[in-house]
Amino acid sequence: ITCHVFLRVVFSFTMFGDLFEEDYSSVSNNQYGKGKKLKTKTLEPPAPREFTNLSGIRNQGGTCYLNSLLQTLHFTPEFREAVRIIPLQLQRLFAQLLLLDQEAASTADLTDSFGWTSNEEMRQHDVQELNRILFSALETSLVGTSGHDLINRLYHGTIINQIVCKECKNISEKQEDFLDLTVAVKNVSSLEDALWNMYVEEEVFDYDNLYHCGTCDRLVKAAKSAKLRKLPPFLTVSLLRFNFDFVKCERYKETSCYTFPLRINLKPFCEQSELDDLEYIYDLFSVIIHKGGCYGGHYHVYIKDVDHLGNWQFQEEKSKPDVNLKDLQDEGEVDDPLMILKAILLQENNLITVDQLGQKLLKKTGVSWNKTYRKQHGPLRKFLQLHSQIFLLSSDESTVSLLKNCSLQAESGFQRNDQQIFKTLTSESLGLNNNTSCPHWFDINDSKVQPIKEKDIEQQFQGKESAYMLFYRKSQLQRPPEAQANPRYGVPCHLLNEMDAANIELKTKRAECDSANNNFELHLHLGPQYHFFNGALHPVASQTESVWELTFDKRKTLGDLRQSIFQLLEFWEGDMVLSIAKLVPAGLHIYQTLEGDELTLCEIEIADEEDIFVWNGVEVGGVQIQTGIDCEPLLLNVLHLDTSSEGEECQQVIESPHVFPSNAEVGTVLTALTIPAGVVFINSAECAGEESWTAIPKEDMKKTFREQGLRNGSSVLIQDSNNDNNSLLTKQGKWTSINEINWLQVKNLCQLESEEKQVKVSATGNTVVFDIRITAIKELKLMKELAENSCLRPIDRNGKLLCPVPDCYTLKEAELKMGSSLGLCLGKAPTSSQLFLFFAMGSDVQPGTEMEIIVEETVSVRDCLKIMLEKSGLPGDTWHLRKMDWCYEAGEPLYEEDATLKELMISSGDTLLLMEGKLPPLGFLTVPIWWYQPWGPSGHWESRRDQTGCTLSHGSVYRAASTQGAPGNVPAEGSVLYVGDVEISEDAVLADLKSQAMTLPPFLESGVPSPAFLRAWTVESKRPGRLLRSNRQPLKEYKLGRRTEICLEPLQKEENLGPQDMLLRTQMRIPGERAYAPAVDLVWDAARGCTAGSLRQRVAHFYSLPVEKIEIAKYFPEKFEWLPISSWNQQITKRKKKKKQDNLQTAPYYLKDGDTIGVKNLLVDDDDDFSTIRDDTAKEKQQQLALGKKKSQEALHVQSSDIFSSAETPGRPRGQEASLSIHVGSFR
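Residues numbered from 1 in each chain as written. Predicted model: local features only at pLDDT ≥ 70, side-chain atom pairs only at ≥ 80, totals over all residues. Heavy atoms only, no water.

### Comments concerning the environment of valine 540
- Considering the arrangement of structural elements, one finds valine 540 in the loop between strand S24 (536-539) and helix H17 (543-546).
- Taking the C-alpha atoms as reference points, valine 540 and glycine 621, separated by 81 residues in sequence, lie 9.9 Å from one another.
- Sequence-distant contacts of valine 540, that is, excluding residues within four places in its chain, are made with Gln529, Tyr530, His531 and Ser546. (Helix = DSSP H or I, 4+ residues; strand = E, 2+ residues; numbered from the N terminus. Contact = heavy atoms within 4.5 Å.)

This is the structure:
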């Protein structure tokens, strides 16, 4: 196996579509033209190129392997410049990499032309496999064009294999073509050794391993060897890093040392010829590197810049002296970070990430920003923002550089010590190497491009991060002088114009983005439009008139802002003071007056969406305003006893909001309530939701609200000291809650007339239910006789009456919460040994139809069934009980009829269902049998009766398995018809079930010859589900369950499906129409893998069409959608992280028996659409049904608000049930 990950690429023979045609009219709608906006994840334009002046490629999630190969092709000028030949999307990508001023290009349009989905772009694949598939697809796409031999001319070579007979010296030759040389890594130390073993060493046939010579016509000794006959201009070498350990049965990556030369002479490995030795010399120009293990990792590439397109500036690490912290401390400049950061940026080529800047600061000076400067200057990124006149941050604030007009030496006001720091940091040259004769190597890692030294390649000889693919170019290939450092060389005029226009657009957008990033919104609150009321500022009129919105550049000064507001407010007279204000619960409050007109808004730390109050600095509406955080208004909830009109206090506690300055004394709350003397309590509870009141001592009444820890929303309880008898608190001085609910609501549901329909009964957690019931009867003024024949039943939030509560329980034991509702009903509550049960008939329980009984918990299931039948008036003994499950459907039957309800763990409040039909004995199944008839002729047995309706009419219920539609326009669906039940042993085989089903009257009329002419399916959602394929397999091995239904499909001939055979319904699309021919059964042997390629070949053979001239798609009837099946899919299983070939039985296809496959003949139908008119109609109906369901749910939600107060108690509503599915492709 040569690769560790299988690749799923959606290349067809028209993989690039019409983008391949050289029609420049389509170029105007490209990614950077006028017709299409830049594809960016954010509103900001892409970042410009970094100092290398080379562009990377953005990773779409898992496309690092693709990016590495595309960069290699891009730095192969002979391939890149074949722009009139290669597909347009590759042309455009190469033009963007050459000319577009962006940090990284996007491959979204290219992968779209591949047909990749978003899921595919998130998966990583093998770059060696991609290399072969991409070139194969390119060769296929170039057939019939001027570039039909491009790949063959640049990359294909020839190997000659020879076998020489030792007897007659006869030579047998076989020539084979190669795209790349795959060489071993295991037990080999270098590339030269691997080539020597392959093309120099001979394999000798002797002793027990002789060769049959055709000339000698006998077994003879012979020698086998291989040589390179024809070498391509570009040689690709794939290293077999991934192997399989047959002892451990697992894959592993070979990480041993494996060297390869920068220049290699291939003459020793080639046939003897008279060519010049220079024809065999090859230079390394690309190394694709894999980092990680055999089950995943990351790719990047080392590339040699042949045309010197990039800015190869490499800094010698040894020439950069570190700054000694002691020297800086001696010079007294360690407290000035501005000079140090400037010097570091100059030494680092004036561009570095913000995170790296902090690391460089620590490395060169030994000083940490967070420990030394953060407290005084704030975070590093904020410090750089505040000094925007010196530092330039990128749009995403990830990188920083010095402004071009900011030179360290030219900075005015430099002191001698500042210059000394600069000299210390840059005492030696930066070591920039611009020698054009020196090879320029770059490490391209997706979006990032960094220069490297040629000797760095040696680091990729071994380890988990090591070379995986090598690319050599013939040394005699010379580039023209005009191509050197000229990215515009060889680029067509239309692409040059397109990139120039895109660069202008990018420049404009960056300028707009820079302006937008430095603008922020300010809310101007105009003083004349406000008045001071209830302790805070409030608008006189509306908020719209009082607040003006202003967009302003944060790089401008406070004086500029003041001048702009003066110009904006032409009516303003006198002084103008700008203050920061904030909205608090009490209103608007002024905190800080802004000063320093020469400071920028960033320097005075004005934030976006800041509230600015514009006033004269003294008063608002004639009232002097206190400012600052000390007098921030607090909105408190004050609770006190209400006072009647006669001045007497009532026992009603009222709560009112009051505003007090936070620096006011606590005693002012008594003055505000006109209480001469009293006690102030504050809530000292530690947990939210609890209340525990503590009195404030008299000596603390002089403290402020803030000192007492009161905040907005805090509650204060006022107790008048003149009325101790009416104290709201206990003697302990604490009260759990004034507003605590200490009552239950009891409704009269006895159907007896009463003046009151419901009453509130005071209670605690220890109150006995009997006392509440008796109190409710008295307050409802009902007959005393009800005391002996009534009970209390809780009412849930949906209005459902629950199980009665025993009289002897306390509210805590009954788990009743305060404030809940109880219904007073006729009848006694069950005792501790009795069960209160709901029961209903059938599985479709309608709300309000349940009945109720009280039985002893020791009663048997059989006796309980008799009681329920007597109460419901149902005759006969062909009934059984089932327990309702959690989704309100019939669960498993209660088979043990002699067991007690207690033994079966039946509890009060459970619902039992009366189901018609006697339970089969243990070990037997009662299987409902359905007849399945596909629509129209499908290549198998058809009814001799009406084919459009029901072929059988046994007085049974007919169900359609599909929505309405004419046969021929619908996928391979049909109808199912219930014909009867079969009782059969679990040990019986499937053939026995078919034989018994044939004894049912409808089957006797159908004329089916034998069970072998019947195909069995399980019934799922009124459709055939799982195919039961083996007639000799026992039913219990199918694990059908006791509620499984079986449908039988008649066949025209006997069928014997193997365990790996898959049965599919195929339908050929009718050319020119949005319809399909009738379905035909297709049996597909998936033993060699359930792959898309295998299925395409089987379908093509079935319809006698070339495999490249068909398209297939799977139909999803529940969604009325078709999903095309391409030939290069891959799914990756997470179990043990093993990679496997594309499996159609997994996501997204979940292919199984009985699925419908649409087939399109590309020779007569090149339309991409698979859908039908019926699909469109059905989707529209689905949308209408969904909309109607949503409206009905909203209406039901509105109506449900009245249920709680209604005296009627409807039944339990059905909860929405979510389907549970397990997709396992190997399950049958």
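### Examining the sheet that holds strand S9 (residues 222-230)
- Sheet architecture is open: 4 strands sit in the order S4-S3-S9-S6, paired in antiparallel fashion. Each end of this open sheet is capped by a strand with a single partner; those strands are strand S4 (171-178) and strand S6 (203-205). Strand-to-strand twist across the sheet, computed as the mean angle between neighbouring axes with direction ignored, equals 25 degrees.
- The pairing of strand S3 (residues 157-165) with S4 spans 8 bridges and is antiparallel. Looking across to S4, one finds that isoleucine 160 is bridged to glutamine 175. (Pairing = 2+ DSSP bridges. Axes fitted to C-alpha atoms, helices over the stretch in contact; angles between N-to-C directions.)

### Describing the sheet that holds strand S43 (residues 890-893)
- Read from one edge to the other, the open sheet built from 5 strands follows the order S41-S40-S44-S42-S43, with strand pairing classed as mixed. A single partner strand is all that each edge strand has here, and the edge strands are strand S41 (851-856) and S43. Averaged over neighbouring strand pairs, the angle between their axes works out to 40 degrees when direction is ignored.
- Where strand S42 (residues 879-884) lies against S43, 2 bridges are found, and the strand directions are antiparallel. The residue bridging arginine 882 from the neighbouring strand is proline 893, located in S43.

### Digging into the nonpolar core
- Core analysis: the largest hydrophobic core is formed by 58 residues, its most contacted members being Phe79, Val127, Leu150 and Tyr155.
- Of all the elements, helix H3 (residues 88-99) adds the most residues to this core, at 7 residues.
- Apart from the residues within four sequence positions on either side, phenylalanine 79 is in contact with Leu73, Ile86, Phe94, Leu138, Leu150, Ile151, Leu154 and Tyr155. (Core = buried A, V, L, I, M, F, W, Y, C linked by side-chain atoms within 4.5 Å. Buried < 20%, exposed > 50% of the residue type's maximum accessible area, 1.4 Å probe, protein only.)

### Looking at the environment of glutamate 605
- For glutamate 605, the location among the structural elements is in the loop between strand S27 (587-593) and strand S28 (610-615).
- In sequence terms glutamate 605 and leucine 386 are 219 residues apart; their C-alpha atoms lie 8.9 Å from each other.
- Excluding residues that lie within four positions of it along the chain, glutamate 605 makes contacts with Lys382 and Glu610.

### Some thoughts on unusual backbone geometry
- Here the phi dihedral of aspartate 446 falls at roughly 55 degrees; this positive angle occurs in a residue that is not glycine.
- Along the chain, aspartate 446 falls in the loop between strand S19 (441-445) and strand S20 (448-452).
- We classify aspartate 446 as buried; its relative accessible area is 12%.
- The phi dihedral of serine 1104 falls on the positive side, at around 55 degrees, and the residue is not glycine.
- Within the secondary structure, serine 1104 sits in the loop between helix H25 (1092-1102) and strand S53 (1110-1116).
- Overall, the relative accessible area of 66% leaves serine 1104 in the exposed class.

### Considering the packing of aromatic side chains
- Counted according to the given criterion, the structure contains 23 aromatic pairs.
- Where tryptophan 369 meets tyrosine 373, the ring centres are 5.1 Å apart and the plane angle is 50 degrees; that geometry is what we call tilted. For the pair tryptophan 369 and tyrosine 373, a shared accessibility class is recorded, and that class is buried.
- Here tyrosine 530 and phenylalanine 613 contribute two aromatic rings whose centre-to-centre distance is 5.6 Å and whose plane-to-plane angle is 75 degrees, an arrangement assigned as edge-to-face. Remark: phenylalanine 613 occurs in strand S28 and tyrosine 530 occurs in strand S23 (residues 530-533); sequence separation between them is 83 residues.
- Owing to a relative accessible area of 3%, tyrosine 530 belongs among the buried residues under this scheme.
- When its relative accessible area of 0% is taken as the criterion, phenylalanine 613 is described as buried.
- Through successive ring pairs, a cluster of aromatic residues spans Phe79, Phe94, Phe135, Tyr155, Phe234, Phe285 and Phe471.
- Geometry around phenylalanine 552 places lysine 556 over its ring, the cationic atom sitting 5.6 Å from the centre.
- The cationic tip of lysine 760 hangs over the ring face of tryptophan 743; the distance from NZ or CZ to the ring centre is 4.1 Å. (Phe/Tyr/Trp six-rings, centres within 6.5 Å; stacked < 30°, edge-to-face > 60°. Lys NZ or Arg CZ within 6 Å of the ring centre and 35° of its normal.)

Coordinates in, geometry out; function isn't part of it.
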